[in-house]
Amino acid sequence: MAASPALRELQRELESEANALSKIQKDISKNHQVRKQYTIQMGENELVLKELELLKEDANVYKLIGPVLVKQDLAEAKANVKKRIEYISAELKRLDGILRDFENKQNSKKESIMKLQQKIQSVQAGKAKA
C-alpha cells in the first residue's frame, strides 16, 4: 500500500521540523559552552580583583604582555580588571537572552512536531479504517 501524497508531505514537513529542532539544540549547546567559558573568566577576574584589593598603594604590579612583564600602576590594573568584569557580565546577560530565545524556539518546534505527529497518526488511522 503506497503512502498518500498528503502523508508523504506531512512526513517531509516532520523531517524538516526535526532538523530545525536539532540545529536549535546544537545552538543551545554552543551557548552553554561559551557561557561556561565566560563564567570561568568571571571567577578568575573576580579573584584577581580581590588580590589587587589586598595590595598596598605602593605595591609593584606587573602585567604580562607577550613574553615580557611590564610594570603597571595599581589603580590602572584595578580599573582594567573591573572593566573586564563589566564586559564579561554584559556578555553573560547577552548570552542569557539568546538562550531564552533558543529555548522558546525549541519549545515551539517541539509543539509543532507533536502536532505533525498527531496529524500523521490521524491520516494513518483514517487509511486503516478505509
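Named according to an unreviewed UniProt entry, the protein chain is Prefoldin subunit 6 originating from Rhynchospora pubera. Check the Sequence similarities (unreviewed entry) section of the UniProt entry for the protein chain; it says "Belongs to the prefoldin subunit beta family."

A few points about the pattern of salt bridges
Evaluated as defined, the whole model comprises eight salt bridges. Salt-bridge contacts for Glu9 lead to Arg12; the nearest nitrogen and oxygen are separated by 3.3 Å. Here the residue Glu9 and the residue Arg12 both occupy positions in helix α1 (residues 5-54), the gap between them amounting to three residues, near one helical turn. Taking relative accessible area as the criterion, Glu9 reaches 41% and is therefore assigned partly exposed. Note that Lys78 and Glu57 form a salt bridge whose closest N and O atoms lie 4.0 Å from each other. Within this pair, whereas Lys78 is found in helix α2 (residues 74-129), its partner Glu57 is found in the loop between α1 and β1 (61-65), the two being separated by 21 residues in sequence.

A word on the nonpolar core
Tyr38, Met42, Leu49, Leu52, Val61, Leu74, Ala77, Val81, Ile85, Ile88, Leu92 and Leu95 form the largest nonpolar core, which has 12 residues in total. Going through the elements one at a time, α1 and α2 are the ones with two or more residues in this core. In terms of residues, this core owes the most to one element, α2, which gives seven residues. Excluding anything up to four places from it in sequence, Tyr38 contacts Tyr87, Ile88, Glu91, Leu92 and Leu95. Ranked by size, the runner-up nonpolar core spans seven residues in total, among them Leu7, Leu21, Ile113 and Leu116.

Describing the pairing of strand β2 (residues 68-72)
Each regular strand carries side chains that alternate between the two faces of the sheet. The pairing of β1 with β2 spans five bridges and is classified as antiparallel. Within the sheet, the bridge partner assigned to Ile65 lies in β2 and is Val68. Counting the residues in the hairpin turn of β1 and β2 gives two residues, including Gly66, whose phi is positive at 65 degrees.

Some details on the side chain of Gln106
Along the polypeptide, Gln106 turns up in helix α2. Not counting residues within four places of it along the chain, the set of residues in contact with Gln106 comprises Leu21, Ile24, Gln25 and Ile28.

As for the layout of surface pockets
Here the largest pocket is characterised by a volume of approximately 250 Å³. Forming the boundary of the largest pocket are 15 residues, of which Asn45, Val48, Lys63, Val81 and Arg84 lie nearest the centre. Looking at the lining of the largest pocket, the elements with two or more residues in it are α1, β1 and α2. Split into classes, the residues belonging to the lining of the largest pocket amount to eight nonpolar, four polar and three charged.

Scoring rules and cut-offs
- Residues numbered from 1 in each chain as written.
- Predicted model: local features only at pLDDT ≥ 70, side-chain atom pairs only at ≥ 80, totals over all residues.
- Heavy atoms only, no water.
- UniProt positions renumbered as here; feature names shortened; annotations may be inferred.
- Salt bridge = Lys/Arg side-chain N within 4 Å of Asp/Glu carboxyl O.
- Helix = DSSP H or I, 4+ residues; strand = E, 2+ residues; numbered from the N terminus.
- Buried < 20%, exposed > 50% of the residue type's maximum accessible area, 1.4 Å probe, protein only.
- Core = buried A, V, L, I, M, F, W, Y, C linked by side-chain atoms within 4.5 Å.
- Contact = heavy atoms within 4.5 Å.
- Pairing = 2+ DSSP bridges.
- 1 Å grid on protein atoms, 1.4 Å probe; cavity = no way out; pocket = protein on both sides within 12 Å on 5 of 7 lines; lining within 4 Å.
- Points joined across faces, edges and corners; volume = space filled by probe spheres on them.
- Nonpolar A, V, L, I, M, F, W, Y, C, P; charged D, E, K, R; others polar.

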